[in-house]
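# Architecture at a glance
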Amino acid sequence: MTTANPLLTTPSRPLPKHIAIVGAGTIGPDIGYYLKSALLQTRLTLVDVNQAAIDKALQRCQDYAKKAIARGKVSEQQAAAVTANIASMTGTTDYAQLADCDWVIEAATENLPLKQRIFAQLESILRPDALITSNTSSLPAARIFADLKHKGRATVTHFFAPAWRNPAVEVIAWEKTDPAVVEYLRWLFCATAKVPLVTADAVCFMLDRIFDNWCNEAAMLLSRATAAEIDSVAAEFVHAGPFFVLNLARGNPIITETNTLQAEEEGAHYTPAPIFRSVDTWVTVPPGKSVAVADKTRAAIRDRLLGILFSQSVDILDRDIGQPVDLDLGCRMALGFKKGPLELMRDLGEAETSRILQRLRKERLGLPLPKRPYAEYQNFLRHVLVDDIDGGIKVITLRRPEAMNALHDGLTDEVLAVIRQFESDAAVKGFIITGYGTRAFCAGADIGRFPSMLDDDVAAAQYARDCSRLLVHLDAMQKPVVAALNGMALGGGLELAMRCHGIVALESAWMQLPEITLGIVPGIGAMVVPYRRWPKAAAAFSDMLRRAARLKAAEAHQLGVVDALAKHLPGLMAAAVARVHALAGQPSPIAQGPITLPSLEPVEPTTVDGQLLPQETLRIMEKTIRNAAAAETLDAALEIGYRAFGASALTVAAREGVTAFQEGRKPDFKTANDSLEKRASRSAAASKRSTSNSKGGTP
Ligand code: COA
């Protein structure tokens with residue numbers, strides 16, 4: 001059975017014990033490093049005809065491991081395991097060494113006869129069921145695997161640079177590939193922190209159709225502007241302009257090759273710009289720098305760049321090459337677009353999209369145009385996946401892999417829309433909310449949205465209210481909703497779980513309210529709900545709120561916050577299903593009236609892990625917890641929380657905390673605390689003056 005969330009299926013094979021990568025160029029070792037870091041028990045062999053290339057590749061992986069440790073991205077224990085595992089990676093020039101491989105990934109040069117020779121050689125020594133995949137970015141599976149005897153085990157798995165870090169992988173659903181193989185690869189990639197995007201077996205698949213034609217269009221525009229001007233205009237849409245990327249990837253010959261392929265298959269409108277053959281390096285600007293561009297030229301370049309994006313996107317959807325949500329996600333994750341093309345179309349609206357496409361039609365004859373009304377290209381869920389399990393339970397998976405499933409109002413509104421769609425359907429017994437992948441249920445509210453709220457308490461409070469529409473709905477629901485914590489549940493993610501009617505968790509999951517370390521307070525229920533729902537856990541939550549302490553799933557289970565624990569994902573889903581059934585017909589478990597709080601100890605010490613805590617934020621928090629407990633109704637208590645979030649957004653500490661997160665450094669709240677002290681002493685002096693003035697007896 002295919003599920004939208006790949007991890008809801010039971011894998012049809014065990015994890016591979018021995019994987020080989022053929023090709024020790026750049027991407028081969030990068031794929032190897034990813035596999036070695038993710039699958040600690042797997043043997044990995046690099047194959048190349050050139051021993052020097054193998055030695056260089058093995059060294060490259062060792063260097064990656066050293067860098068990861070130096071950056072502190074992994075714990076000491078993990079680092080030791082990964083380093084030992086990288087050290088056990090071997091290289092060979094002898095294909096016979098691969099006889100017991102469960103999976104061979106070909107990452108050789110983009111040359112059809114060469115690839116076909118490699119696959120013939122592989123097939124002669126591998127088991128008939130061993131997986132064979134190619135990392136080609138453009139050659140269809142139907143061509144490269146045409147001569148294989150056992151085609152069902154073969155397909156394309158297309159990685160993106162840098163393959164050790166870039167999560168996107170296209171998995172091609174070629175008609176001859178056994179669907180169970182595609183499902184298994186989706187599962188395997190998702191279980192190892194990649195984001196598999198299934199696409200049809202078209203030339204250049206999904207994402208390179210976008211990228212190659214984007215670059216080709218940029219080159220076609222060179223008759224109107226320079227490379228630097230075109231990159232400067234493109235910077236509105238991408239982190240690095242097309243010519244800059246082409247220089248980086250030495251990509252000119254690749255575009256010539258892949259666009260020739262597209263032109264041969266689909267028409268002359270894809271013919272590569274001739275200039276690619278005569279230029280080696282483009283004179284352009286790096287990301288963050290730009291040159292001035294005349295308004296008229298800018299408008300023309302902008303229209304054409306958008307035009308090609310829209311043309312390729314509607315074509316991909318009309319021909320079912322990929323899913324709309326994967327198209328946008330892939331463009332952001334794999335190609336460095338700031339927004340996906342369908343998001344851009346949505347933001348510009350129907351009339352402007354149509355104008356841009358009409359211009360493209362006139363200037364670039366033959367390129368694909370929409371075949372359906374505009375609205376049909378926009379009709380899809382962007383942030384969640386929905387599955388049906390156990391004959392009537394809807395699993396809603398939060399899926400924002402670029403931000404560890406962080407919440408924003410768009411995501412929470414989608415969850416709400418799915419719930420509303422099914423909650424009065426008698427066939428639906430309840431809902432499970434979980435997170436995509438294996439690391440995070442949800443890493444909290446999307447911090448990327450915070451900077452715009454920093455000086456605006458009204459907007460910040462309203463944002464908290466907007467994100468809470470889903471949570472308030474959960475409070476009033478009759479059908480059970482269970483949170484299945486597949487990894488960390490932080491900040492707003494934990495606040496969402498708190499409002500579900502039950503919580504089950506993997507033993508490895510943990511919870512945290514890190515807001516205090518950002519100089520803000522958690523605005524959507526964490527200062528309110530735990531005290532009303534789990535009085536026994538009040539001390540633990542106070543510690544979480546005020547010192548960002550972590551609560552492990554097992555501790556939360558002992559405190560009654562988590563209803564059941566599971567060792568692995570299938571167990572987690574089974575526990576969630578059992579909880580949905582057990583909760584049928586039970587109302588929201590959150591106390592509605594005022595409550596008595598246990599006494600809150602002053603926060604000692606005032607630092608956590610050597611980091612100073614922001615005193616003003618702590619004061620806002622203490623006051624809010626007290627006032628919310630005394631509120632007559634849950635709704636009134638929640639409103640106090642939204643406003644407190646607004647108030648915290650005005651503080652010096654919030655600016656420092658949010659800026660530090662975005663700059664990837666630890667915040668320093670000393671200035672914030674000092675300014676608070678100065679304000680306090682100024683107001684003490686002022687009140688002393690006014691007291692002495694009044695004592696002096698003004699006339
Ligand atoms: N909002 C927006 N983006 C988030 C996010 C959030 N709450 N949490 C994580 N991300 C993004 C990161 O910015 C990063 O994006 P990038 O690759 O474009 O830089 C990506 O997710 C991966 O996170 P990263 O920090 O590189 O991974 P890590 O393993 O080193 O750390 C966390 C993981 C969750 C511990 C860390 O990201 C974190 O502290 N996040 C903030 C959690 C938080 O404070 N939540 C409450 C918000 S009110």
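Residues numbered from 1 in each chain as written. Predicted model: local features only at pLDDT ≥ 70, side-chain atom pairs only at ≥ 80, totals over all residues. Heavy atoms only, no water.

## Focus on the overall build of the chain
From N to C terminus, the chain includes 26 helices and 20 strands. In terms of overall dimensions, the chain is globule-like: its C-alpha atoms have a radius of gyration of 28 Å, near the 27 Å expected for 699 residues. Dimensions along the principal axes, computed over C-alpha positions, put the chain at roughly 95 × 60 × 55 Å. Of the roughly 29300 Å² that the chain leaves accessible, carbon and sulfur atoms contribute 55%. (Helix = DSSP H or I, 4+ residues; strand = E, 2+ residues; numbered from the N terminus. Rg over C-alpha atoms; globule rule 2.2 N^0.38 Å. Areas by Shrake-Rupley, 256 points an atom, 1.4 Å probe, with all protein chains shown as cover.)

## Focus: the sheet that holds strand β8 (residues 195-199)
Spatially, the 8 strands line up as an open sheet ordered β3-β2-β1-β4-β5-β6-β7-β8, and their pairing is mixed. Where the open sheet ends on each side, the last strands, each with one partner, are β3 (90-92) and β8. With strand direction ignored, the average angle separating the axes of adjacent strands in the sheet is 25 degrees. With 4 bridges connecting them, strand β1 (residues 18-22) and strand β4 (residues 103-106) associate as parallel partners. Looking at β4, one finds that A20 is bridged to V104. Relative to strand β2 (residues 43-47), helix α1 (residues 27-38) is tilted by about 175 degrees, and along the sheet it contacts β1, β2, β4 and β6 (154-159). (Pairing = 2+ DSSP bridges. Axes fitted to C-alpha atoms, helices over the stretch in contact; angles between N-to-C directions. Contact = heavy atoms within 4.5 Å.)

## Thoughts on the domain arrangement of the chain
By domain assignment, the chain separates into domain 1 (6-199), domain 2 (207-377), domain 3 (384-663) and domain 4 (672-699). Here the C-alpha centre of domain 2 lies 30 Å away from the C-alpha centre of domain 1. The interface of domain 1 with domain 2 comprises 15 residues on the first partner and 14 residues on the second. When domain 1 packs against domain 2, the two sides together hide about 1100 Å² of surface, and 59% of this comes from carbon and sulfur. Together, R143, F160 and L197 form the three largest contributors to the area buried by domain 1 at its contact with domain 2, with a combined 35%. (Domains from an automatic or database assignment. Buried area = accessible area lost by both parts, 1.4 Å probe.)

## Topic: the packing of aromatic side chains
Scanning the entire structure with this criterion turns up 14 aromatic pairs. When the ring of Y33 is compared with that of Y64, the centres are 5.1 Å apart and the planes differ by 65 degrees; the resulting orientation is edge-to-face. In this pair, Y33 is assigned in helix α1 and Y64 in helix α2 (residues 51-70), connecting sequence segments 31 residues apart. As far as burial versus exposure is concerned, Y33 and Y64 are alike and both buried. A connected cluster of aromatic rings, assembled from ring pairs, spans Y34, W103, F159 and F189. Over the aromatic face of Y34 sits the side chain of K194, whose NZ or CZ is 4.4 Å from the ring centroid. The aromatic ring of F422 is capped on one face by K394, whose charged end is 4.1 Å from the ring centroid. (Phe/Tyr/Trp six-rings, centres within 6.5 Å; stacked < 30°, edge-to-face > 60°. Buried < 20%, exposed > 50% of the residue type's maximum accessible area, 1.4 Å probe, protein only. Lys NZ or Arg CZ within 6 Å of the ring centre and 35° of its normal.)

## Regarding the sheet that holds strand β11 (residues 430-435)
Spatially, the 6 strands line up as an open sheet ordered β9-β10-β11-β13-β15-β18, and their pairing is mixed. The strands lining the two open edges of the sheet, one partner per strand, are β9 (384-389) and β18 (564-566). Across this sheet, the average inter-strand angle for adjacent strands is 25 degrees, counted without regard to direction. Pairing between β9 and strand β10 (residues 393-398): 6 bridges, direction antiparallel. Bridging from a neighbouring strand, D387 pairs with V395 of β10. Contacts from helix α22 (residues 569-583) reach β9, β10, β11, β13 (481-485), β15 (502-506) and β18, with the element oriented near 165 degrees to β15.

## Quick word on the pattern of salt bridges
Inspection of every chain in the model, using the stated rule, returns 46 salt bridges. E106 is the salt-bridge partner of K115, the closest N and O atoms lying 2.8 Å from each other. Between E236 and R302 there is a salt bridge whose closest N-O contact spans 2.9 Å. Here E236 is found in the loop between α8 (227-234) and α9 (242-249), whereas its partner R302 is found in helix α11 (residues 295-318), with 66 residues between them in sequence. Linked by salt bridges that have partners in common, E217, R224, D303, R304, E352, R355, R359, E363 and R364 make up one network. (Salt bridge = Lys/Arg side-chain N within 4 Å of Asp/Glu carboxyl O.)

## Re the environment of S648
Its location among the elements puts S648 in helix α24 (residues 634-649). Each C-alpha atom of the pair S648 and A130 lies 57 Å from the other, and the pair is 518 residues apart in sequence. For S648, the contacting residues outside a window of four places in its chain are G519, I520, V521, I620 and A654. Engagement of the side chain of S648 in a polar contact is seen with the backbone nitrogen of V521, the distance being 3.3 Å. (Polar contact = N/O pair within 3.5 Å; in protein donor to acceptor, adjacent residues only side chain to side chain.)

## Let's talk about the environment of G251
Within the secondary structure layout, G251 lies in the loop between α9 and α10 (252-266). Residue G251 is classed as buried on the basis of its relative accessible area of 5%. Separated by 232 residues in the primary sequence, G251 and A483 have C-alpha atoms spaced 46 Å apart.

## Details of the side chain of N166
For N166, the position within the fold is in the loop between β6 and β7 (168-172). Relative accessible area serves as the criterion here: at 6%, N166 is assigned to the buried category. One polar contact links the side chain of N166 to the main-chain carbonyl oxygen of M333, over a distance of 3.4 Å. With residues near it in sequence (within four places) discarded, N166 still touches F160, A161, K194, M333 and A334.

## A few points about the packing of helix α7 (residues 207-220) against helix α12 (residues 324-335)
Where α7 meets α12, the axes come as close as 10 Å, and the angle between the chain directions of the two elements is 60 degrees. The orientation of α7 relative to α12 falls into the category oblique. As α7 packs across α12, the resulting crossing turns out to be right-handed. For the pair formed by α7 and α12, the contact residues are L207, I210 and F211 on the first element and L327, G330, C331, A334 and L335 on the second. Looking at side-chain class alone, the contact of α7 with α12 contains 7 nonpolar, 1 polar and no charged residues. (Parallel < 35°, antiparallel > 145°, perpendicular 65-115°, else oblique. Left-handed = near helix turned anticlockwise from the far one by under 90°. Nonpolar A, V, L, I, M, F, W, Y, C, P; charged D, E, K, R; others polar.)

## Concerning the state of the cysteines
Note on terminology: a disulfide is the covalent bond linking the sulfur atoms of two cysteines. The full count for this structure, using the stated rule, is 0 disulfides. We note that C61 lacks a disulfide partner, and the nearest cysteine sulfur, in C101, lies 16 Å from it. With no disulfide of its own, C500 lies 11 Å from the sulfur of C442, the closest cysteine sulfur. Assessed through its relative accessible area of 0%, C500 is described here as buried. (Disulfide = S-S within 2.5 Å.)

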